[in-house]
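In case you want the letters, here they are:
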Amino acid sequence: MPAPEDFWSYFAAVATYVAVLAVPGGVVGWAAGLRGWALAGLAPLLSYAITGLAGPWLAIAHVPYGPLSVAACTLLLAAVLYGLRRLAVARGWMTPGAEEPHQAWTRRAHLAVAGCVGIATAVSIAVVVSGRGGTTAVFQRWDTVFHANGIRYIADTGDGSLTGMGTLNWYPDGSFYPNAYHLVGALVYQLSGTSIPVTLNAVTMPIAGLFALAMVALVRQLGGRAVFAGCAALVAGGATTGAYESVSSGLLPFALGIVLTPLAAVALQRFVVRPGVDTGAVLALSAAGLLAAHSSALFGAILFALPLVVQRWYRAVRGRRVDGVPDGKAAWRVAGGDVLKMIPVMAGAGLLAAPHILGAITFTSGSYPYHPWGSHMAVWKALAMLATFKQVLPVPQIWLTVFLAFGALTLVALRRLRWVMLSALGLSALFVVVACFGGEDWVISLSRPWWNDRFRLMALAAIPMCLIAAHGMSEAQRWLAKLADGRAWVRARPWLTGRVGLATAVLIVVAMGVLTGGFYRAANAKTVSLLYYNGLPGEVVPPVSQDEIDAMDRLGTLGIPGDQKVLNDRLDGTAWMYALTGVHPVAAHYDAGAVNPDAVYLAAHFRDYDTDPRVRAVARQLNVHYVLVGSGTIRRDTPISPGLQKLDGLDFVSVVYRNPGAVIYRITK
């Protein structure tokens, strides 16, 4: 069914999603010693780690995946971590505390930063809701049908394996895909009782809010000011190239991986400052969670966070104080100790994520075709895109560019976060190489984890770019506060002195909100609207049309058994059939790579049912009794499969249902 225009259904789904993110990860994080912003920020990543690991391991153990089994896994993991931490503290193996931020924030500062995260989340929800255009809540882009069907499959079957949901399209053996996104979505779908489109919308709505929360946790962990953290949240909520562009392309698990990536640096910093069973477990679970969210997320997190360790080692070489290291320790011992202590953590993460690692190795060495993108953009244009935070829309986010420049000029004030500039240079260089030389063999090999796609690499580069822009915004506030403090009328009124910081922070946030039209809400809504139209904003006939939705809805009332498949075209909107009705289509995804050749043959030659024995044999083998033909395809230049055209009047089918854009046939022979 299409998502109903009902506030309470959306509210229930979003609230359920927030609970699914907060509770499992929050319980395990608390058991591992996380508190404050580190706990709030890492809880979503830990929840994805728990579900993303539980699904495949439960499938191996032949235990159904669902709310009860996830709750059991959560409590078991929390009990183990709590017991190990208590034992380590009692035996004197570790002394917690060194990993916590040294700079204290006031209660007012904590509340103000929380308010900024709330604003960013509200902006994110407003962007997605207004981007829908009021026509339909069914996602239209390429991979979204795979994600929708995957969520429905896990919820219906309890199969949380890494290949199970792929059996809907690549039968009988399925196809590997990291499924933490779908495992969480299945819980939301089951617990909220809403439809699959509502579930997908609910999981998408707060995406930039998660980005904002991750940014705040990172700034707080590295000792940044509260103003910096609040600005980071607001920039994350407004930057188009951060979360929104990936969402607009239908790259939903990838977008999730992007917004969770800053948390890798949080977990890494806590571990290198105070290695222990608790900080090591959090780091291992964070790495496994990123891998389970999307295969490229762990690679991106390593590239993003590696400069943190480089800065740490550089300080040791120069004889500066290094967090968690006694004064006077040789630089080579600092670096060697960090590497040696990391080995058991990575080994533990590898064991936890063994099904994902083995599945990825098997997938990349298998027959699934890899089609890299070739991009040959001018270098100056790629650099301009990076600096102006825009790639899909023609209008630059000029105020973010201004703050980015100011942040780069005041780099020295970043202190423990100076490594972010190195991260920005490295990830930006990777984007430029792929955008400008994407057809070269060495570039294709280098960027394969990101499918050689400049849009994905722009999102990755946007993480440190957003941090630098937020730093510039916070330094602008510091400059305004210093300017105001120097005024005679302020010095003459001591009661104003302690309020200048708050007043200038509020001023710059309000000014930013006004100048950007609500933190670029309208521009980002236009970007996200592509998710619902698969074309220019304002198109009224999306690939999954309302006529096709109505026909699929009718199909769901025909009592078709679960072992039957309905013949459909691979490129029209009927691939959403399973997600919307639970009826199994022959083609459950637009992607035809490595699919069953019999299914391809059937769609191409079904008109020859009377005269072609292979067509009849395949129809019997796939247990096909109905045919659903839609209108239009996701590739505008590709027509409906020839075997499904002009079926009216043929004596082996009869019409069951028809509307202007879709028709259901029953096979009568």
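Model, not experiment: these values are computed from the prediction.

Draft legend 1. Seen up close, the packing of aromatic side chains. As enumerated under the stated definition, the model contains nine aromatic pairs in all. Between the aromatic rings of phenylalanine 146 and tryptophan 170, the centroid separation amounts to 5.8 Å while the plane-to-plane angle is 65°, which identifies the pairing as edge-to-face. Here phenylalanine 146, found in helix α5 (residues 144-157), pairs with tryptophan 170, found in the loop between α5 and α6 (180-192); they are 24 residues apart in sequence, far enough to count as distant. Assessed through its relative accessible area of 7%, phenylalanine 146 is described here as buried. Pairing tyrosine 609 with phenylalanine 652 gives two aromatic rings, centres 5.1 Å apart and planes at 20°, and the pair type is stacked. Here phenylalanine 652 lies in the loop between β3 (624-629) and β4 (653-659) and tyrosine 609 lies in the loop between α28 (597-605) and α29 (613-621), a separation of 43 residues in the sequence. What makes phenylalanine 652 buried here is its relative accessible area of 1%. Taken together, the aromatic side chains of Phe146, Trp170 and Tyr177 make up a single cluster linked through ring pairs. The ring of tryptophan 105 has arginine 220 sitting right over it, with the charged end atom 4.6 Å from the ring centre. Looking at lysine 565, its charged tip hangs above the ring of tyrosine 171, at a distance of 4.6 Å from the centre.

Draft legend 2. Fine view of the pattern of salt bridges. All told, the structure shown has 13 salt bridges when counted by the stated rule. With a shortest N-O distance of 2.8 Å, arginine 274 and aspartate 278 are connected by a salt bridge. Judged by relative accessible area, which is 3%, aspartate 278 ranks as buried.

Draft legend 3. Local environment of helix α2 (residues 36-60). Over its 25 residues, α2 runs 36 Å from end to end, which matches the ideal 36 Å to within 8%, given 1.5 Å per residue. Where α2 bends most, at alanine 43, the angle is about 40°, and the proline proline 44 comes one to four residues later. Counting buried positions along α2 yields 20 of 25 residues, so the element is predominantly enclosed.

Draft legend 4. How the structure looks around empty space enclosed by the protein. Applying the stated criterion to the full structure yields four cavities of 30 Å³ or more. Taken as a whole, the largest cavity spans an internal volume of roughly 80 Å³. In terms of lining, the largest cavity is formed by 13 residues, of which the most central are Glu100, Pro101, His102, Gln221 and Gln269. Considered class by class, the residues forming the lining of the largest cavity number four nonpolar, five polar and four charged.

Draft legend 5. Seen up close, helix α17 (residues 379-388). Looking only at α17, the buried set comprises Ala382, Met385, Leu386 and Thr388. Two residues or fewer past α17, phenylalanine 389 is found with a positive phi of approximately 55°.

Draft legend 6. How the structure looks around the environment of leucine 430. Secondary-structure assignment places leucine 430 in helix α19 (residues 419-437). Classification of leucine 430 by relative accessible area gives buried; the value is 10%. Those residues in contact with leucine 430, other than ones at most four positions away along the chain, are Leu303, Leu446, Trp450 and Leu457.

What counts and how
- Residues numbered from 1 in each chain as written.
- Predicted model: local features only at pLDDT ≥ 70, side-chain atom pairs only at ≥ 80, totals over all residues.
- Heavy atoms only, no water.
- Phe/Tyr/Trp six-rings, centres within 6.5 Å; stacked < 30°, edge-to-face > 60°.
- Helix = DSSP H or I, 4+ residues; strand = E, 2+ residues; numbered from the N terminus.
- Buried < 20%, exposed > 50% of the residue type's maximum accessible area, 1.4 Å probe, protein only.
- Lys NZ or Arg CZ within 6 Å of the ring centre and 35° of its normal.
- Salt bridge = Lys/Arg side-chain N within 4 Å of Asp/Glu carboxyl O.
- Expected span 1.5 Å × (residues − 1).
- Bend = angle between axes of the 7 residues up to and from the residue.
- 1 Å grid on protein atoms, 1.4 Å probe; cavity = no way out; pocket = protein on both sides within 12 Å on 5 of 7 lines; lining within 4 Å.
- Points joined across faces, edges and corners; volume = space filled by probe spheres on them.
- Nonpolar A, V, L, I, M, F, W, Y, C, P; charged D, E, K, R; others polar.
- Contact = heavy atoms within 4.5 Å.

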